[in-house]
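Chain residues, written in single-letter form:
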Amino acid sequence: SKMAMARRPGEAARFNLLMLDTGETYLSDIAVYHAPSLPAPHHPVPRVHGRLRICSSSLLFEPGPPDLPLLKIYLKHVTSIEPLVGKRALSGAGESFRVQCSSLTTLREQHKPCPYSTHAGDQEHTFSALHSPLEAFMPFLMQLLAAAHLTDDLAADAIRSV
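Everything numeric in this text was worked out from a predicted model, so none of it was measured.

1. Let's talk about the confidence of the model for the protein chain
Then, number 1: Across the protein chain, the average pLDDT comes to 76, with 64% of residues at 70 or higher.
Then, number 2: Counted against residues more than four places away or in other chains, residues 1–7, with its pLDDT under 50, gives 14 contacts.

2. Re the packing of aromatic side chains
Within a pair of aromatic rings, the relevant descriptors are the distance that separates the centres and the angle that separates the planes.
Then, number 1: Applying the stated criterion across every chain yields a total of three aromatic pairs.
Then, number 2: Taken together, the ring pairs in this structure connect Phe-61, Phe-97, Phe-127 and Phe-137 into an aromatic cluster.
Then, number 3: When the ring centre of Tyr-33 is taken as origin, the NZ or CZ atom of Arg-47, which lies over that ring, is 3.8 Å away.
Then, number 4: Over the ring of Tyr-74 we find Lys-76; its NZ or CZ atom is 5.9 Å from the centre of that ring.

3. Thoughts on the pairing of strand E4 (residues 70–74)
Then, number 1: Among the five residues that make up E4, five are buried, leaving the element largely enclosed by the rest of the structure.
Then, number 2: Covered by surrounding structure in E4 are Leu-70, Lys-72 and Tyr-74 together with Leu-71 and Ile-73, the residues of both alternating faces.
Then, number 3: Alignment of strand E3 (residues 58–63) against E4, held across four bridges, turns out to be antiparallel. For Ser-58, the partnering residue across the bridge sits in E4 and is Tyr-74.
Then, number 4: In sequence, E3 turns back onto E4 through a hairpin of six residues.
Then, number 5: In the sheet, E4 pairs with strand E6 (residues 96–107) via three bridges, with the strands oriented antiparallel. Pairing of Leu-71 across the sheet is with Thr-106, part of E6.

Rules used throughout
One numbering rule holds for all chains: residues counted from 1, following each sequence as written. Reporting in this predicted model follows two pLDDT cut-offs: at least 70 for local features of residues, and 80 or more for side-chain atom pairs to be given and counted; totals over whole chains, interfaces and linings ignore these cut-offs and use all residues. The side-chain figures draw on all heavy atoms in the structure; neither hydrogens nor water molecules are used. Summary of the metric used: pLDDT quantifies the predictor's per-residue confidence within the range 0 to 100. Working rule for contacts: check all heavy atoms of both residues, and any pair within 4.5 Å makes them a contact. Only Phe, Tyr and Trp rings take part, Trp by its six-membered ring, and two of them pair if their centres are within 6.5 Å. Stacked means planes under 30 degrees apart, edge-to-face means over 60, and tilted covers everything else. We call a charge positioned over a ring when the NZ of a Lys or the CZ of an Arg lies within 6 Å of the ring centre and within 35 degrees of the ring normal. Only protein chains enter the accessibility calculation, which uses a 1.4 Å probe; a residue whose area is less than 20% of its type maximum is buried, one above 50% is exposed, and one in between is partly exposed. Labels follow the DSSP assignment, with helices taken as runs of H or I lasting at least four residues and strands as runs of E lasting at least two, numbered in each case from the N terminus. DSSP calls a pair of strands paired once it identifies at least 2 bridges connecting them.

Structure follows, in structure tokens:
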């Protein structure tokens with residue numbers, strides 16, 4: 001199934017719907033590699049495989065290695081989503097896109113339930129889809145991004161139309 005991802009030995013799913021905000025809807029997910037533009041304390045390795053969970057008001061990256069926290073990027077904090085057409089930003093990966101944001105939230109640090117941590121400041125995150133071409137999900141992401149920057153009532157109507 002599209003929703004299932006072959007996990008490497010020793011990896012357990014950590015994402016669950018309780019991680020979504022009130023009124024937020026889980027929509028889809030894709031297998032990706034992720035790399036922040038600059039190494040960060042919460043993400044010490046240059047490239048990590050995992051799942052990018054696409055939700056109505058956020059993108060949530062669930063890294064494969066259990067010692068890394070989940071990363072939640074609220075779409076209202078995203079300043080741009082840019083396809084890297086014709087480039088393979090991460091070697092050995094598929095088509096890539098870059099997400100620029102002003103804030104990032106980490107969940108389940110050290111694989112333990114704990115308070116979420118918010119890291120403010122401009123950041124870039126590159127994602128490379130492993131099995132999906134950009135045209136399969138990029139228009140959808142752009143619609144969600146546009147809806148996230150509308151007023152609450154207009155955003156709810158726009159998300160329902162997606």
